[in-house]
Amino acid sequence: MQVENLRSITIKDVKLYTLAIPYTEPLKTSFGVEPDKVAIIVEVITEDSISGWGEASIEVEPGYGSETVVTGEHVMHEFMLPKVIGQTVTKGTDFPELLRLVRGNHHAKAGIEAAVWDALAKANDMRLTDYFALFMPDGHESDERATVGVSIGIQSSIEDTLDIIEKRVAQGYQRVKLKIARGWDIELAAAVRQKYPDLMLMLDANSDYSLEHADHLKQLDQFNLLMIEQPLAYYDIYEHGLLQQQLETAICLDESVKCVNDLQVAMQVGAIRILNLKPSRVGGFTECVKIYHICVENNLPLWIGGMLETGVGRAANVAFASLPGVNMPSDISATDRYFAEDIATPNFVLNSDDSTLSVPDGIGIGVNVHRDRIEAGIAYWKERYPYQI
Ligand code: OSB
Ligand code: MG
């Protein structure tokens, strides 16, 4: 298939479903903890009656980024949907042009764009991973499996952390990421390294430190970490460059890279050795495609980050993460790490021999979305989060 011959879609309607699902294991980070997964699930309905599904993965509070579920719903409903409904989209990478006059709001945008890519892949009778591959450098076809790790939150003791690592390693996860914060870092890393000298181990600070902590953070160099993710401020790039000059451990940026331009600045000032690419943070899959090309051209290691997505977002992320330019383990774990019951099936199950998730066979995102579970999630959201606007 050639990009020029792709079938287009015309968007007849877009539905938004704001919902919540309880986590089996909430993820406590340096910025907080939320008991439930919340998301705005987007259904794009085409003139040919195809439903494309996407997930705007946004948290309740503006702790990771500035968006919240409620701001997302507002901006999508009032300002994005009128620009999208009735439009014809020829190929995935044409979509962002429709929303160019809506600044920021990346998580919200990414949800709509993901639903459009799913609808386009389905309109062309293709799996989303194969549809993505059309926009990638020559020879970059899906590997069929995405190599993944697991992200472990801040626990109440080091002992509890070791227990949970033991459980995850026994399940077959070969790369472990631990959330750290001021006061929960060096001793933790030392204890884990002592018990697991060879485990692929990394830390994620979610912006808890400042440059004043450089000497403190230097102690992490002794633990042979794969990387440290986002040690400094969520808006900073420059100081990460200064910190990297003092650290041997590779700095991976998450929060700070919101678009291609941020990535270019980060590379220019030596602030990044590895990229955590979250489709939601950069505003959608078109930006991901551009970033993928830049990483491949510059030999910048790349993995796909997670926002504890439902099966809808997870399926799209697995499709992207299975592309060969994504060359480090991604933060996409099996369904049972997050939920007792997801809104989409089949569940993602870890291939314990090689710490991977398989790309589903079906067209588009390849999972079935259950409308009754969406309804239950909407009711749960309304009951638990009675926000007044
Ligand atoms: O910093 O990567 C992060 C989840 C919510 C907000 C920020 C982050 C995360 C994760 C989740 O680490 C990883 C996953 O989806 O399993
Ligand atoms: Mg992170």
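Right above here is the structure, for reference.
Bear in mind that the values here come from a model prediction, so they are computed numbers and not experimental data.

A short note on the overall build of the protein chain
At step 1: Scanning the protein chain from N- to C-terminus turns up 11 helices and 15 strands.
At step 2: Taking 2.2 N^0.38 as the reference for a compact globule, 389 residues should give roughly 21 Å; the C-alpha atoms of the protein chain span a radius of gyration of 20 Å, in line with that estimate.
At step 3: Counting only C-alpha atoms and orienting by the principal axes, one finds that the protein chain spans roughly 60 × 45 × 45 Å.
At step 4: Within the protein chain, the fraction of its 389 residues that count as buried is 60%.
At step 5: The contacts of the protein chain with a sequence gap of at least 6 include a subset with a gap of at least 24, amounting to 73%.
At step 6: When the accessible surface of the protein chain is totalled, it reaches about 15,600 Å², and 47% of it is carbon and sulfur.
At step 7: The protein chain carries 33 positive and 56 negative side-chain charges, and their two centres are separated by 3 Å.

Observations concerning the coordination of the magnesium ion (ligand 2)
At step 1: Coordination of the magnesium ion (ligand 2) by the protein involves Asp-204 (OD), Glu-229 (OE) and Asp-254 (OD), with metal-donor separations of 2.1 to 2.3 Å.
At step 2: Each donor residue of the magnesium ion (ligand 2) belongs to the same chain, and together they define the spacing D-x24-E-x24-D. Here Glu-229, found in strand β9 (residues 228-229), pairs with Asp-254, found in the loop between β10 (251-253) and α8 (260-268); they are 25 residues apart in sequence, far enough to count as distant.

Things to note about unusual backbone geometry
At step 1: A cis amide bond links Thr-345 to the next residue, Pro-346, at an omega of 0 degrees.
At step 2: At Leu-308, a position not held by glycine, the phi torsion is positive, near 55 degrees.
At step 3: Take Leu-308: it is sitting in the loop between β12 (302-304) and α10 (311-321).
At step 4: The exposure class assigned to Leu-308 is buried, which follows from its relative accessible area of 13%.
At step 5: With phi around 55 degrees, Ser-355 is a residue other than glycine that occupies positive phi space.
At step 6: Inspection of the secondary structure puts Ser-355 in the loop between β13 (344-345) and β14 (356-358).
At step 7: Here Ser-355 falls in the buried class, since its relative accessible area comes to 0%.

Quick word on the nonpolar core
Nonpolar side chains tend toward joint burial in soluble globular proteins.
At step 1: Counting 130 residues, the largest nonpolar core has Leu-275 and Phe-320 as its most contacted members.
At step 2: Here this core takes 10 residues from helix α2 (residues 106-123), the largest share from any one element.
At step 3: Residue contacts for Leu-275: discarding those within four places in its chain leaves Cys-252, Leu-253, Val-257, Leu-263, Arg-281, Ile-291, Cys-295, Leu-300, Pro-301, Leu-302 and Trp-303.
At step 4: With seven residues, the next largest nonpolar core counts Cys-252, Ile-274, Trp-303 and Met-328 among its residues.

Digging into the sheet that holds strand β8 (residues 200-204)
At step 1: Read from one edge to the other, the open sheet built from seven strands follows the order β6-β7-β8-β9-β10-β11-β12, with strand pairing classed as parallel. Across the chains shown, the open sheet's two edge strands, defined by having one partner strand only, are β6 (150-152) and β12.
At step 2: Here β8 pairs with β9 via two bridges, running parallel. When the sheet's bridge partners are listed, Leu-203 is paired in β9 with Ile-228.

Thoughts on the packing of aromatic side chains
At step 1: One pass over the full model with this rule turns up 17 aromatic pairs.
At step 2: Note on Trp-117 and Phe-132: the rings are 5.3 Å apart at their centroids and 45 degrees apart in plane angle, and the pair reads as tilted. Of this pair, Trp-117 sits in helix α2 while Phe-132 sits in helix α3 (residues 128-133), and the two are 15 residues apart along the sequence.
At step 3: Accessibility expressed as a relative area gives 0% for Trp-117, which makes it buried.
At step 4: Ring centres of Tyr-292 and Phe-320 lie 5.9 Å apart, and the angle between their planes is 90 degrees; this geometry places the pair in the edge-to-face category. Residue Tyr-292 is found in helix α9 (residues 285-298), and its partner Phe-320 is found in helix α10; the two are separated by 28 residues along the sequence.
At step 5: Chaining the aromatic ring pairs together yields one cluster made of Trp-117, Tyr-131, Phe-132, Phe-135, Phe-285, Tyr-292 and Phe-320.
At step 6: Above the face of the Trp-303 ring, Arg-175 is positioned so that its terminal group lies 5.6 Å from the ring centre.

Criteria and thresholds
- Residues numbered from 1 in each chain as written.
- Chains lettered and ligands numbered in written order.
- Predicted model: local features only at pLDDT ≥ 70, side-chain atom pairs only at ≥ 80, totals over all residues.
- Heavy atoms only, no water.
- Helix = DSSP H or I, 4+ residues; strand = E, 2+ residues; numbered from the N terminus.
- Rg over C-alpha atoms; globule rule 2.2 N^0.38 Å.
- Buried < 20%, exposed > 50% of the residue type's maximum accessible area, 1.4 Å probe, protein only.
- Contact = heavy atoms within 4.5 Å.
- Areas by Shrake-Rupley, 256 points an atom, 1.4 Å probe, with all protein chains shown as cover.
- Lys, Arg positive; Asp, Glu negative; His and termini not counted.
- Charge placed at Lys NZ, Arg CZ, Asp CG, Glu CD.
- Donors = N, O, S within 2.8 Å, 3.2 Å for Na, K, Ca; no water.
- Core = buried A, V, L, I, M, F, W, Y, C linked by side-chain atoms within 4.5 Å.
- Pairing = 2+ DSSP bridges.
- Phe/Tyr/Trp six-rings, centres within 6.5 Å; stacked < 30°, edge-to-face > 60°.
- Lys NZ or Arg CZ within 6 Å of the ring centre and 35° of its normal.

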